[in-house]
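Each chain, written out:
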Amino acid sequence: MLTLYWLLVALMVVGVIGAVVPGIPGTSLILVAIAIWGVVQGSFGSIAVPLIMTVVVLALSVGIDLLATFWGAKRAGASKWGQIGAVVGLLLGIFGLLPALPFGGPLLGILLGPLLGAIIGEYIYQRDLKRALKAGIGIVVGSLVGNLIQGLLAIVAVGFFLYATLPQVMG
């Protein structure tokens, strides 16, 4: 039972990393690990608070991601074209349609895709490279800030789980 507990904690750590790094599942992994622990224990009573906390964090993560990207775009003066370009670039990066690079692999595509997509989308709309670069960087910076906040929220969710369950497991 102790081995399973620590494997689930390791899965949660991957979830924390995924909350920050695009392309890796994030808070949903933490939620799944907590649910598995509840099923194995035969009771959700001991994990009710961490489970509710993780559901709230998951909902907040989605909202924060959207708001942070919107904030970055707005601060940089990006239009809807830049935002659409960032989404298209992200999808192309995820599915590996960006040219293969000699280093970095798909993760680099996921990171570069939104930047290049935002710049291209904004350039198509405004025909001003300087404004397009500024908008692309603004969108990416906003997204990175959102990812960092999501990571902090994920750490809080794992902390609640450990606080609620570790004394039972170790004692």
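Above this text sits the structure in question.
Calculation rules
- Residues numbered from 1 in each chain as written.
- Predicted model: local features only at pLDDT ≥ 70, side-chain atom pairs only at ≥ 80, totals over all residues.
- Heavy atoms only, no water.
- Helix = DSSP H or I, 4+ residues; strand = E, 2+ residues; numbered from the N terminus.
- Buried < 20%, exposed > 50% of the residue type's maximum accessible area, 1.4 Å probe, protein only.
- Areas by Shrake-Rupley, 256 points an atom, 1.4 Å probe, with all protein chains shown as cover.
- Phe/Tyr/Trp six-rings, centres within 6.5 Å; stacked < 30°, edge-to-face > 60°.
- Core = buried A, V, L, I, M, F, W, Y, C linked by side-chain atoms within 4.5 Å.
- Contact = heavy atoms within 4.5 Å.
- Expected span 1.5 Å × (residues − 1).
- Bend = angle between axes of the 7 residues up to and from the residue.
- Polar contact = N/O pair within 3.5 Å; in protein donor to acceptor, adjacent residues only side chain to side chain.
- Patch = residues over 30% accessible without salt bridge, like charges linked within 9 Å, V, L, I, M, F, W, Y side chains within 5 Å.
- Salt bridge = Lys/Arg side-chain N within 4 Å of Asp/Glu carboxyl O.

Draft legend 1. View of the overall build of the protein chain. The secondary structure content of the protein chain amounts to 6 helices and 0 strands. Out of the 171 residues belonging to the protein chain, those deemed buried represent 35%. Of the roughly 9,600 Å² of accessible surface on the protein chain, 78% is carried by carbon and sulfur atoms.

Draft legend 2. The packing of aromatic side chains, seen in detail. Overall, the coordinates contain 4 aromatic pairs when judged by the stated rule. Their ring planes at 20° and their centres at 5.7 Å tell us that Y5 and F161 sit as a pair that is stacked. With a gap of 156 residues between them, Y5 in helix α1 (residues 2-20) and F161 in helix α6 (residues 129-170) connect regions that are remote in the sequence.

Draft legend 3. Representation of unusual backbone geometry within the structure. Phi is positive for R127, which is not a glycine, with a value near 55°. Looking at where R127 falls in the secondary structure, it is placed in the loop between α5 (105-126) and α6. Under the relative-accessibility criterion, R127 is labelled exposed at 58%.

Draft legend 4. Highlighting the nonpolar core. Judged by nonpolar contacts, the single largest core of 14 residues is most densely connected at M12, I30, I34, W37 and F161. Only α1, α2 (27-41) and α6 provide two or more residues apiece to this core. A per-element tally of this core places α1 first, with 6 residues. If sequence neighbours within four positions are ignored, M12 has contacts with I30, A33, I34, V158 and F161. Grouped together as the second largest cluster of nonpolar side chains are 6 residues, A73, A78, A86 and I139 included.

Draft legend 5. Spotlight on α6. For α6, with 42 residues, the first-to-last C-alpha span of 59 Å sits near the 62 Å given by 1.5 Å per residue. Taking the largest bend as the criterion, α6 deviates by roughly 35°, centred on A164, and proline P167 comes between one and four positions later. For α6, the capping residue at the N-terminal end is D128, with a side-chain oxygen 3.2 Å from the backbone nitrogen of K130.

Draft legend 6. Spotlight on a nonpolar patch on the surface. Taken together, W81, L112, L116, I120, I124 and Y125 make up a surface patch of nonpolar side chains, about 580 Å² in accessible area. In terms of residue count, the dominant contributor to the nonpolar patch is α5 (5 residues). Mapped onto the secondary structure, I124 falls in helix α5. Since its relative accessible area comes to 42%, I124 is described here as partly exposed.

Draft legend 7. Fine view of the side chain of T54. Residue placement: T54 occurs in helix α3 (residues 48-75). If near-sequence neighbours (up to four positions away) are discounted, T54 is found in contact with T27, I30, L31, I34 and A157.

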